[in-house]
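As a plain string of letters, each chain reads:
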Amino acid sequence: MNKDTPIACRPGALSHRENQDRRALIESLRDAVLSLSWSDRGLSAKVAKSKDTLMTAGLLVAFESQCCPFLAFHLRVGAGEEPFTLEISGPPGSGEMLRSELGL
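Draft legend 1. Spotlight on the overall build of the protein chain. Check the secondary structure of the protein chain and you find three helices and four strands. Sequence-ordered secondary structure for the protein chain, helices as α and strands as β, is α-β-β-α-β-β-α. On C-alpha atoms alone, the protein chain measures out to a radius of gyration of 13 Å, which is about the 13 Å that the 2.2 N^0.38 rule sets for 104 residues. Along the longest, intermediate and shortest principal axes, the C-alpha atoms of the protein chain span 40 × 30 × 20 Å. Counting contacts in the protein chain only where the partners sit at least 6 residues apart, residues at least 24 apart contribute 69% of the total. Averaged over its 12 positive side-chain charges, the protein chain has a centre that lies 2 Å from the centre of its 13 negative ones.

Here it is in structure tokens:
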């Protein structure tokens, strides 16, 4: 992704059912978020680690990468039970779009 990549979601990239599943994943992950930090380009979320939250984060990345090709995703998982970090970033203005779209 270069700095000129437009913030443009792909309508129709997900089926109605996939969009419903995506919303459910966001709601589920929201409850496990321990802290959030925002920038103009995106967000960094520290998330309580469990098998379920890791699988939820992975599925969310799969859906979001289909409908928002301008976003990059980084999932950092440390040792033991320490929280993992999910970072979502894109061109300038992506942070505001994510805040609105994800409702976080």
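Now that the structure has been shown, we can carry on.
Draft legend 2. Just the environment of Glu27, in detail. By secondary structure assignment, the location of Glu27 is in helix 1 (residues 16-30). It is 8.9 Å that separates the C-alpha atoms of Glu27 and Leu102, two residues lying 75 residues apart in sequence.

Draft legend 3. Representation of the pattern of salt bridges in the model. The final tally for this structure, using the stated rule, is six salt bridges. The residue Glu101 makes a salt bridge to Arg22 at a minimum N-O spacing of 2.8 Å. Taken together, the residues Glu101 in helix 3 (residues 94-102) and Arg22 in helix 1 connect sequence positions 79 residues apart. By relative accessible area, Arg22 is classed as buried at 4%. The partner of Arg30 in a salt bridge is Glu27, and the shortest N-O contact between them spans 2.8 Å. Note that Arg30 and Glu27 are positioned in helix 1 at a spacing of three residues, about one turn of the helix. Exposure remark for Glu27: the relative accessible area of 39% places this residue in the partly exposed category.

Calculation criteria
- Residues numbered from 1 in each chain as written.
- Predicted model: local features only at pLDDT ≥ 70, side-chain atom pairs only at ≥ 80, totals over all residues.
- Heavy atoms only, no water.
- Helix = DSSP H or I, 4+ residues; strand = E, 2+ residues; numbered from the N terminus.
- Rg over C-alpha atoms; globule rule 2.2 N^0.38 Å.
- Contact = heavy atoms within 4.5 Å.
- Lys, Arg positive; Asp, Glu negative; His and termini not counted.
- Charge placed at Lys NZ, Arg CZ, Asp CG, Glu CD.
- Salt bridge = Lys/Arg side-chain N within 4 Å of Asp/Glu carboxyl O.
- Buried < 20%, exposed > 50% of the residue type's maximum accessible area, 1.4 Å probe, protein only.

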